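# Examining the three-dimensional arrangement
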Amino acid sequence: MIYLCAISNIRSGICTEDCKFCTQSVKFHADIERYTKKPIDEIIKQAHTANALGALGFCLVTAGKSLTPKVLDYISFLAEELKVKFPKLNLIACNGTATKQQLKQLKNSGIDSYNHNLATSQNFYSQICTTHTWEERFETCENVKEVGLRLCTGGIIGMGETDSDRQDFLNSLQKLNPESIPINFYHHNEALPLKPKNLTINQGLEFIYETRKRFPNSIVMVAGGRESFFGQEQYKIFEAGANAIIIGNYLTTKGNEPHRDLEKLKKLNISIIHLH
């Protein structure tokens, strides 16, 4: 049995950080849609679609390093609205580094989980980002746990890191013991300075297997890059230990048409965990 999650990119392409893997940085001028605030009616429509498709989680994502006061108030407002309409939907906020006080406000507004990825190992991080530190990311994850929100944290593989980096990354995740671990596979865009790396499909599956082995009780989600990295082999992720996927589109890239995933899962006799 697997979980489905959907995401809504509600503030896109206006980040001033220099993460080399991310098209949302203004520094790289990637050809993506950019806006400061998605209208609430559109977000509610996306949540309704996600709910109808059987998604248990719905993630509100904003571009930017940290949770600013304006973004905090907007996410809080959205959470309150969405909880009224979809009370059983697990609402996830993904808004950058955050203090305990900010996270408490989100929790009180109806947010259930907070997603902030470590991205990669502590040692490798400075090679993909120089405008903030890995330690800031780790501290936010600790803050999430301390205020009682569910922690969703993972990373991206295929950015040029070594196998040792990937093991160190998993070691750091074990210190946090997250409820959910999203694994992304680097999806190259020609505007980005980070070039494609030769990571094989088998290496990707082995990493999923290793993650599941280390985290037998966590949700292991294959997120961005599933389609582009695995291609026709993408449903082998479940044999490797994944028990969740993103359904629909990602932040700035297209995903499978949702019903295609649902039909394939049915053919494979993979059940979806629905809301009760």
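Right above here is the structure, for reference.
Below is a summary of the structure that appears in this document. Here the structure is a predicted model, which is why all the values come from computation and not from measurement.

With that settled, the discussion passes to the nonpolar core. One recurring pattern in soluble globular proteins is that nonpolar side chains are buried together. If you look at the biggest cluster of nonpolar residues, it comprises 75 residues, and the most contacted ones within it are Phe58 and Ile208. Setting aside residues no more than four positions away along its own chain, Ile208 makes contact with Ile183, Phe185, Val220, Val222, Phe230, Ile237, Ala240, Gly241 and Ala242. Among the nonpolar cores identified, the runner-up in size contains 10 residues, and Cys59, Ile92, Cys94 and Met221 belong to it.

Before going further, it helps to examine the pattern of salt bridges. Evaluated as defined, the whole model comprises nine salt bridges. Note that Glu146 and Lys100 form a salt bridge whose closest N and O atoms lie 2.8 Å from each other. Of this pair, Glu146 sits in helix H4 (residues 134–147) while Lys100 sits in helix H3 (residues 100–109), and the two are 46 residues apart along the sequence. On the basis of relative accessible area, Glu146 is assigned to the exposed category, the value being 54%. Among the salt bridges present, the one from Glu161 reaches Arg166, with a minimum N-O distance of 2.8 Å. Since its relative accessible area comes to 8%, Glu161 is described here as buried. Judged by its relative accessible area of 9%, Arg166 is buried. Through salt bridges with shared partners, a single network forms among Arg226, Glu227 and Asp261.

Residue Ala119 is not a glycine yet carries a positive backbone phi of 80 degrees. Take Ala119: it is sitting in the loop between strand E4 (113–115) and H4. One non-glycine residue, Asn269, adopts positive backbone phi at about 60 degrees. Its place among the elements puts Asn269 in the segment after helix H9 (258–267). The exposed category is assigned to Asn269, whose relative accessible area is 70%.

Procedures and definitions
Residues numbered from 1 in each chain as written. Predicted model: local features only at pLDDT ≥ 70, side-chain atom pairs only at ≥ 80, totals over all residues. Heavy atoms only, no water. Core = buried A, V, L, I, M, F, W, Y, C linked by side-chain atoms within 4.5 Å. Buried < 20%, exposed > 50% of the residue type's maximum accessible area, 1.4 Å probe, protein only. Contact = heavy atoms within 4.5 Å. Salt bridge = Lys/Arg side-chain N within 4 Å of Asp/Glu carboxyl O. Helix = DSSP H or I, 4+ residues; strand = E, 2+ residues; numbered from the N terminus.

None of the figures reported here should be taken as evidence of function without further support.
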